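# An overview of the molecular structure
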Amino acid sequence: MPDLSKITCIEDLRAMARRRVPRMFYDYADSGSYTEGTYRANAADFQRIGLRQRVAVNLENRSTRTTMVGQDVAMPVAIAPTGLTGMQHADGEILGARAARDFGIPFTLSTMSICSLEDIAEHTGRHPFWFQLYVMRDRDFIERLIDRARAANCSALQLTLDLQILGQRHKDVKNGLSAPPRPTLRNLINLATKPRWCLGMLGTQRRSFGNIIGHAKGVGDLSALSAWTAEQFDPRLNWGDVEWIRKRWGGKLILKGIMDAEDARLAANTGADALIVSNHGGRQLDGAPSSIAALPGIAAAVGKDIEVWMDGGIRSGQDVLKARALGARGTLIGRSFLYGLGAFGEAGVTRALQIIHKELDITMAFCGQTDIERVDASILLPGSHPGAPRNAFVDSFRA
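Conventions we followed
- Residues numbered from 1 in each chain as written.
- Predicted model: local features only at pLDDT ≥ 70, side-chain atom pairs only at ≥ 80, totals over all residues.
- Heavy atoms only, no water.
- Helix = DSSP H or I, 4+ residues; strand = E, 2+ residues; numbered from the N terminus.
- Rg over C-alpha atoms; globule rule 2.2 N^0.38 Å.
- Buried < 20%, exposed > 50% of the residue type's maximum accessible area, 1.4 Å probe, protein only.
- Contact = heavy atoms within 4.5 Å.
- Areas by Shrake-Rupley, 256 points an atom, 1.4 Å probe, with all protein chains shown as cover.
- Lys, Arg positive; Asp, Glu negative; His and termini not counted.
- Charge placed at Lys NZ, Arg CZ, Asp CG, Glu CD.
- Polar contact = N/O pair within 3.5 Å; in protein donor to acceptor, adjacent residues only side chain to side chain.
- Pairing = 2+ DSSP bridges.
- Axes fitted to C-alpha atoms, helices over the stretch in contact; angles between N-to-C directions.
- Parallel < 35°, antiparallel > 145°, perpendicular 65-115°, else oblique.
- Left-handed = near helix turned anticlockwise from the far one by under 90°.
- Nonpolar A, V, L, I, M, F, W, Y, C, P; charged D, E, K, R; others polar.

This next bit is on the overall build of the chain. For the chain, the count of helices and strands is 16 helices and 10 strands. Taken against the 2.2 N^0.38 rule, which gives 21 Å for 399 residues, the C-alpha radius of gyration of the chain at 20 Å falls within 12% of a compact globule. Looking at the chain as a whole, 57% of its 399 residues qualify as buried. Residue pairs in contact within the chain that sit at least 24 positions apart in sequence constitute 74% of those at least 6 positions apart. Surface exposure of the chain reaches about 16,700 Å², of which carbon and sulfur atoms provide 52%. Each charge class in the chain can be summarised by its mean position, and for the 49 positive and 42 negative side chains these summaries are 4 Å apart.

With that out of the way, let us pick up helix α14 (residues 317-325). Within α14, eight of the nine residues are buried, which leaves it mostly tucked inside the rest of the structure. Looking only at α14, the buried set comprises Gly317, Asp319, Val320, Leu321, Lys322, Ala323, Arg324 and Ala325. The N-terminus of α14 is capped by Ser316, whose side-chain oxygen sits 3.3 Å from the backbone nitrogen of Gln318. In the segment just after α14, Gly327 is the residue with positive phi, at about 115°.

Here strand β6 (residues 154-160) lies mainly inside the structure; six of its seven residues are buried. Pairing of strand β5 (residues 129-133) with β6 involves five bridges; the strand directions are parallel. Note on β6: the bridge partner recorded for Leu133 is Leu159. Taken together, the five bridges between β6 and strand β7 (residues 252-258) define a ladder with parallel strand orientation.

Turning our eyes to something else, we now look at unusual backbone geometry. Positive phi values are uncommon outside glycine, yet Asp91 reaches one of about 60°. Along the polypeptide, Asp91 turns up in the loop between β3 (77-79) and α4 (92-103). Its relative accessible area of 19% is what places Asp91 among the buried residues. Of note, Asn153 is a non-glycine position whose phi angle comes to about 75°, a positive value. Here Asn153 lies in the loop between α6 (139-151) and β6.

The geometry of α4 relative to helix α15 (residues 335-366) is characterised by a closest axis approach of 10 Å and an angle of 15° between their N-to-C directions. Overall, the two elements α4 and α15 adopt an arrangement that is roughly parallel. For the element pair α4 and α15, the recorded crossing hand is right-handed. Packed against α4, whose contacting residues are Gly92, Leu95, Gly96, Arg98, Ala99, Ala100, Asp102 and Phe103, the element α15 presents Phe337, Leu341, Gly345, Glu346, Val349, Thr350, Leu353, Gln354 and His357 at the interface. Taken together, the residues of the contact of α4 with α15 sort by class into eight nonpolar, six polar and three charged.

Shown next, in the form of structure tokens:
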């Protein structure tokens with residue numbers, strides 16, 4: 001276990017991951033679509049929210065513990081589903097799942113993961129985890145994928161609604177992203193500068209999409225995967241499909257990709273257990289609002305009918321606290337987790353979680369709070385957060 005005590009913030013992990021992960025995979029994690037305006041706004045809008053510091057409050061016995069869809073968690077944070085995680089670091093999904101298990105928060109495996117459902121179950125002692133599902137045209141494959149998730153001891157299904165079609169991510173196009181990487185001269189030169197990553201990949205057999213290859217009809221190897229993927233994301237996805245999946249799954253269901261109050265009300269009407277305010281990390285509709293800007297309106301519209309969570313732009317425990325104050329019962333981290341993984345593997349993921357938890361705990365205390373369950377918008381500087389009236393003091397604070 002490396003000594004990571006000098007790693008003090010998520011930005012430290014990001015800088016290290018950029019040095020250690022091949023360009024095409026680092027850019028895949030750390031980019032958005034088109035102009036990347038929404039991707040940047042996700043983080044920037046958190047920074048505009050001010051906090052009220054309180055003093056002379058008994059700060060003993062603080063607790064960040066809560067629940068997400070009835071599951072006890074050490075803090076209101078789960079690891080978000082991220083595709084190609086096993087290309088940030090060899091066996092990346094396994095390492096992330098183990099770190100999350102040991103820390104006491106949920107881990108979500110992506111349909112487009114490198115390690116399979118069965119890999120995660122085997123290497124975590126069948127500890128419960130969540131599975132993220134994309135709706136494909138091949139409904140028989142989806143049914144079998146749901147059955148495999150149940151057999152792997154997944155305790156919740158996270159259905160992504162905002163990827164019927166792919167947003168254009170310019171860096172991925174320019175890098176010729178693929179798994180395994182295409183042996184272009186540019187990619188080979190870049191790989192030569194990442195010996196640690198290359199050695200890790202040589203030491204594992206997990207280099208393709210473990211949930212798909214050998215399971216989807218006609219997809220026995222990587223050569224058949226590209227064409228299958230291009231035609232499988234289903235643009236016809238509708239609320240009827242959500243109902244079908246809810247009944248087929250039969251367990252906890254989380255709907256991811258809600259950015260509008262009307263859609264939130266429709267999501268609540270499905271009987272799902274939670275929704276995630278999410279713009280897919282700014283990787284789909286560039287020009288959409290940040291997740292934190294959309295959160296308060298959605299929470300106000302449906303917060304009594306369904307658990308409301310959010311992801312997008314969380315780089316600190318302060319961000320988690322601000323999201324909680326604005327109505328999110330839980331949050332999910334994607335890039336913050338991937339930076340830790342790419343930098344130092346499982347130890348890096350653990351360090352990312354430690355950083356976020358410590359920031360959350362200390363900031364909560366400075367705001368005069370000792371229990372995450374009692375945090376609300378009163379901890380925020382008036383006028384500094386979405387939906388609040390502006391005032392001259394806040395404008396000078398931001399400046």
